[in-house]
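# Topology and contacts: notes
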Amino acid sequence: MIRHSKREENSLNRAATPARTQAPVKRLRCRALLSFAALVFIVAGHVHPAFGNPAQVTNLLQPLSQPAQEIKELSMLVLTICATIFLIVAGLLVYAIVRFRHRPGDEASEPPQIYGSNQIETAWTVLPILIVFVLILVTSRTIADIQDRKAPPGAIHSTVVGHQWWWEIRYPELGIVTANELHVPASDGNRRQPTFLNLESADVAHSFWVPQLAGKTDLIPNRENRMWIEPTQPGTYLGNCAEYCGMQHARMLLRVIVQPPAEFEQWVKEQQQSAFEDASATEGRKIFFANSCVSCHAIRGTSAQGTFGPDLTHLMSRQTLASGAAPLSHDSLRAWVHDPQQLKVGCLMPNMQITDKEVDQIVTYLETLK
Ligand code: CUA
């Protein structure tokens, strides 16, 4: 009886609610919807230009290397299971809402109430446990499989050191040091040649992420992390630092250049050479060595042995400058040497306050470092 009278009260209240108290609620909902749409629009608008050339948009769902492929297969399995559960639950919910909706004349009746069904309770306890168990098993198997992979003979080993805000790349066995662009050979059916990476950090935490090749792995100070990639398709793969590491985190870009084995070997041979000495750039060379450039940069085969900044021995063999902040060209190099802070505010290379003429001479020298 009490319930009955309460219901009546409610319906009376509802009928008595004036339209003007419902209007602000509607307006609020409308505003919330509009704000959400605006947010989606802003985010979409910001994501696109950040990728630059649309032809190079990295497709997360198109892995082209072994660990990325395994991760995608696992994600698809998890997604399928979760989507099925969602469809069943949402379907039942919609069915219940439509089938048992309020109808005129329903006021006095309650649907039949069911309590204490052992079968139903057992089913909804055991089934989710089984599903979660399957997901745990499959996920741990994939993680273990990726983490425990042993380097086969012929694998390439590289050490990647994260710096604010660039990547130092070393191949200890090959005697190569470079920066920001990791070269690796492509594997094929006949010759598997994965690359194993040791990840370290010189300052703060960074994260190595090239979506089409593998999952993210952090570079943590005083710790050595490990990962591997085994791409099969030659090409340039874009990546970036995926752990906020300071002002220029967004310009800590990374490229993995996957080459056919013969081409990779050729690249190794070229990189193993000491710096090329070109008599046409003597003036610039003098200025470079007279300034503090040498305290931070190394040029193999010369007295420049700094390790604070990128190795410049074969600077001109790279595609980009300042960890992907600009494509490597005469103009960008000139702008960089003139004032690095213009191109990458907050970077650790200061404005050296050198004259325009000296900038030109240094650039002429740097451009001989092929
Ligand atoms: Cu390095 Cu973010």
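Note: the structure precedes this text.
Numbers given to residues run from 1 along each chain, matching the order in which its sequence is written. Given that this is a predicted model, residues contribute local features only at a pLDDT of at least 70 and side-chain atom pairs are listed and counted only at 80 or more, while totals for whole chains, interfaces and linings are drawn from all residues. Hydrogens and water are ignored here; the side-chain numbers use all heavy atoms of the structure.

## Digging into the sheet that holds strand β9 (residues 235–241)
- In short, DSSP must find at least two bridges between two strands for them to pair. Helix and strand assignments follow DSSP, with helices taken as H or I runs no shorter than four residues and strands as E runs no shorter than two, numbered in order from the N terminus. Taken together, five strands build an open sheet; the order of strands is β4-β10-β9-β6-β7 and the sheet is mixed. Each end of this open sheet is capped by a strand with a single partner; those strands are β4 (181–185) and β7 (217–219). For this sheet, the mean inter-axis angle between neighbouring strands, taken without regard to orientation, is 25 degrees.
- The contact criterion used throughout is that any non-hydrogen atoms of two residues lie within 4.5 Å. To get an axis, fit a line to the C-alpha atoms, keeping to the stretch in contact for a helix; angles then go from 0 to 180 degrees between the N-to-C directions. Seen against the sheet, helix α5 (residues 261–272) touches β4 and β10 (253–259) and runs at an angle of roughly 130 degrees to β4.

## Some words on the pairing of β4
- Of all five residues in β4, five are buried, a share of seventy percent or more.
- Only protein chains enter the calculation, and the probe is 1.4 Å; a residue is then buried if its accessible area is under 20% of its type maximum, exposed if over 50%, and partly exposed in between. Of the two faces of β4, both are covered, the one formed by Glu-181, His-183 and Pro-185 as well as the one formed by Leu-182 and Val-184.

## Quick notes on the layout of surface pockets
- Grid spacing is 1 Å over the protein atoms alone, the probe is 1.4 Å, and a cavity is where that probe fits but cannot get out, while a pocket is an open set with protein on both sides within 12 Å along at least five of seven lines and lining residues have an atom within 4 Å of a point. Grid points are joined across faces, edges and corners, and a volume is the space filled by probe spheres set on the points. Here the largest pocket is characterised by a volume of approximately 700 Å³.
- What lines the largest pocket is a set of 35 residues, among which His-297, Gly-309, Pro-310, Trp-336 and Met-349 lie closest to the centre.
- Elements represented by at least two residues in the lining of the largest pocket include exactly α7 (293–296), β11 (320–321), α8 (330–338) and α10 (356–366).
- Per-class residue counts for the lining of the largest pocket are 23 nonpolar, nine polar and three charged.
- Source of the domain bounds: an automatic or database domain assignment. Looking at the lining of the largest pocket, you find at least three residues from each of domain 2 (156–260) and domain 3 (279–366). Following the grouping adopted for this structure description, the nonpolar residues are Ala, Val, Leu, Ile, Met, Phe, Trp, Tyr, Cys and Pro, the charged ones are Asp, Glu, Lys and Arg, and the polar ones are all others, Gly among them.

## Things to note about the state of the cysteines
- Two cysteine sulfur atoms make up a disulfide if the distance between them is within 2.5 Å. Under the counting rule described, the total for this entry stands at zero disulfides.
- Of the cysteine sulfurs around Cys-296, a residue in no disulfide, the closest is that of Cys-293, at 8.7 Å.

Honestly, it's all geometry; don't read function into it.
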